[in-house]
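This is what each chain is made of:
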Amino acid sequence: MKSLGTAVIGCGSISSVHLKAIAGLELAELKAVVDINEELAKKTAETYGCDYYTDYKEMLQRDDIQVVHICTGHYLHAPMTVDALKAGKHVLTEKPMAENKASAHTMLDAAEENKDVQLGVIFQNRYNPSSIRMKQAVDSGEFGKLLCMKGLVTWSRTPAYYETEWKGKWATEGGGVLINQAIHTLDLLHWLGGDVASIKGSISNDSLEGVIEVEDTAHAHIEFRNGVKAIFYATNAYGRSTPVEVEVIFEKATLQLRGDTLYLLQGDTSTILAEPVKNDLGEKAYWGVSHQFQIRDFYAHLLEGKHFWIDGPEGYKAFRLVMDIYESSKLGQRINYTE
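Since the model is a prediction, treat every value here as computed from it, not as a measurement.

A.B. asks: Which parts of the structure should I look at to understand the packing of helix α7 (residues 177–193) against helix α9 (residues 312–331)?
C.D. replies: Two numbers describe a pair of packed helices, the interaxial angle and the distance between the axes. Running from N to C, α7 and α9 point in directions that differ by 115°, and their axes come no closer than 9 Å. Crossing handedness for the pair α7 and α9: right-handed. Contacts between α7 and α9 involve L178, I179, I183, L186, D187, H190 and W191 from the former and E314, K317, A318, F319, L321, V322, M323, I325 and Y326 from the latter. Each residue belonging to the contact of α7 with α9 can be placed in one class, and the counts come to twelve nonpolar, one polar and three charged.

A.B. asks: What's the story with helix α1 (residues 15–23) in this structure? I'm lost.
C.D. replies: Along an α-helix, residues three or four positions apart point the same way, because every turn accommodates 3.6 residues. Burial in α1 covers these residues: S15, V17, H18, L19, A21 and I22. At its buried positions, α1 is contacted by β1 (4–9), β2 (28–34), α2 (38–48), β4 (67–70) and α8 (291–304).

A.B. asks: What should I look at first to understand the sheet that holds β2 in this one?
C.D. replies: Consider a sheet: its strands pair through backbone hydrogen bonds, and that pairing is either parallel or antiparallel. Spatially, β3-β2-β1-β4-β5-β6 is the arrangement adopted by the six strands of the open sheet, whose pairing is parallel. Edge positions in the sheet fall to β3 (51–53) and β6 (119–121), since each has one partner strand and no second. The mean angle between the axes of side-by-side strands here comes to 25°, regardless of whether they run parallel or antiparallel. Of the strands in this sheet, β2 and β3 touch α2, which is tilted by about 165° from β3.

A.B. asks: What exactly am I supposed to notice about the environment of Y233 here?
C.D. replies: With respect to the helices and strands, the residue Y233 is situated in strand β10 (residues 229–235). For Y233, a relative accessible area of 34% translates into the label partly exposed. For Y233 and Y48, which are 185 residues apart along the polypeptide, the C-alpha to C-alpha distance reads 39 Å. Excluding residues within four positions of it along the chain, Y233 makes contact with G151, L152, V153, T154, T217, A218 and H219.

A.B. asks: Looking at this model, I keep getting lost on unusual backbone geometry. Mind explaining?
C.D. replies: Leave glycine aside and you will find that most residues have negative phi; peptide bonds, for their part, are mostly trans. Omega for the peptide link from K95 to P96 comes to -15°, which places this bond in the cis form. Position of P96 relative to the elements: it lies in the loop between β5 (90–93) and α5 (101–113).

A.B. asks: Is there a simple way to think about the pairing of strand β11 (residues 245–250) in this case?
C.D. replies: Walk down a regular strand and you will see the side chains alternate between the two sheet faces. As defined by bridge partners, strand β7 (residues 146–154) adjoins β11 across six bridges and the pair is classed as antiparallel. Within the sheet, the bridge partner assigned to M149 lies in β11 and is V248. Both β11 and strand β12 (residues 254–258) contribute to a ladder of five bridges, which runs antiparallel. Residue E245 lies in a different strand from β12, and its bridge partner there is R258.

A.B. asks: Quick question: what am I supposed to make of the pairing of β5 here?
C.D. replies: Because side chains alternate across β5, one face comprises the buried residues H90 and L92, and the other comprises V91 and T93, equally buried. Here β4 runs beside β5; their pairing, made up of four bridges, is parallel. Each bridged residue has a counterpart across the sheet, and for I70 the counterpart in β5 is T93. This β-α-β element, β4 to helix α4 (residues 74–86) to β5, shows right-handed connectivity. For β5 and β6, the ladder comprises three bridges, and the chain directions are parallel. Bridging across to β6, T93 finds its partner in V121. Between β5 and its parallel partner β6, the chain crosses via α5, and the hand of that crossover is right-handed.

About the criteria used
Residue numbers here run from 1 along each chain, matching the order of that chain's written sequence. pLDDT decides what is reported in this predicted model: residues at 70 or higher carry local features, side-chain atom pairs at 80 or more are listed and counted, and totals for whole chains, interfaces and linings draw on all residues regardless. Computation of side-chain values covers all heavy atoms of the structure but excludes hydrogens and water. Axis angles are defined between N-to-C directions and span 0 to 180 degrees, where every axis is a line fitted to C-alpha atoms and, for a helix, only to the segment in contact. Helix and strand assignments follow DSSP, with helices taken as H or I runs no shorter than four residues and strands as E runs no shorter than two, numbered in order from the N terminus. With the far helix as reference, a near helix turned anticlockwise by less than a right angle produces a left-handed crossing, and one turned clockwise produces a right-handed crossing. In what follows, residue pairs with any heavy atoms lying within 4.5 Å of each other are defined as contacts. Gly counts as polar in this scheme, as do all residues outside two lists: the nonpolar Ala, Val, Leu, Ile, Met, Phe, Trp, Tyr, Cys and Pro, and the charged Asp, Glu, Lys and Arg. For every residue, the accessible area (1.4 Å probe, protein chains only) is compared with the maximum for its type, and the residue is labelled buried under 20%, exposed over 50%, or partly exposed between those bounds. Here a strand pair is declared whenever DSSP counts at least two bridges between the two strands. By convention, a crossover is right-handed whenever its connection, traced from the first strand over the helix to the second and viewed with the strands pointing away, goes clockwise.

Here is the structure:
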């Protein structure tokens, strides 16, 4: 079976999920890891039996590397993606795409200009059985018309979490709970609801004043072009990280997602429609467990010569919602979508 040479840029916490997934994938062969911290890069390379670099541009010169995973701070996603695409490498970047709209558009432009390679964006929760089942229910109309939705993210982040140099700052993280944690839930609402007509939201810093510049709490009201409305709330100011909740109300039934378990409510009857999938990647429970499925799917698309479905424009959708909530909060008004 053919495999693609692979490199991972960034050896922080999320990289372990990518590295373990790659190690268990016949479609990929890890060639190198990159981190500006040479000790960390070397240790990671020894663990996975590959080369290491402290300069990603040096790694990009290798002809035996066809795919690059980007697992760095948000502000580095765009320049690294652009350089990799221009070097003829396929890119799979962690969410969010970038730290602001301008940076994200440089990625979209680079992908458009280098069509021989592909840009994929990580939104692994779309691969959860519960997410797939909700999408099937929306698309099939089996429970009647979709009426409304809500998404709730109640997590906890302590000051220690923000000791990483780039986190908690507008210039480098691009935001707080919205862009880092809750973007996955916004992505699911967008995926289920379709094209957005408008959004109104607000942000605040309720528990981390003096620690971070960005928000730890946000809420939003989303109107979709099909008439569906959604409410959304996210915070890092809760006492602990609890399972994400999504509710999808149809004419004839309600679907309730808690964590990765999906319940069907009809009258007084509650039935489990989908349950979590276990893995050994060491992912935190509230991260979801589907990185391995998205990574495998990305490589399968590349090897089959097919266009990957969560590409730059698709990954931009939830990112745009995040950016527009920030803008709406700043202006104190609803943001209308004209396209």
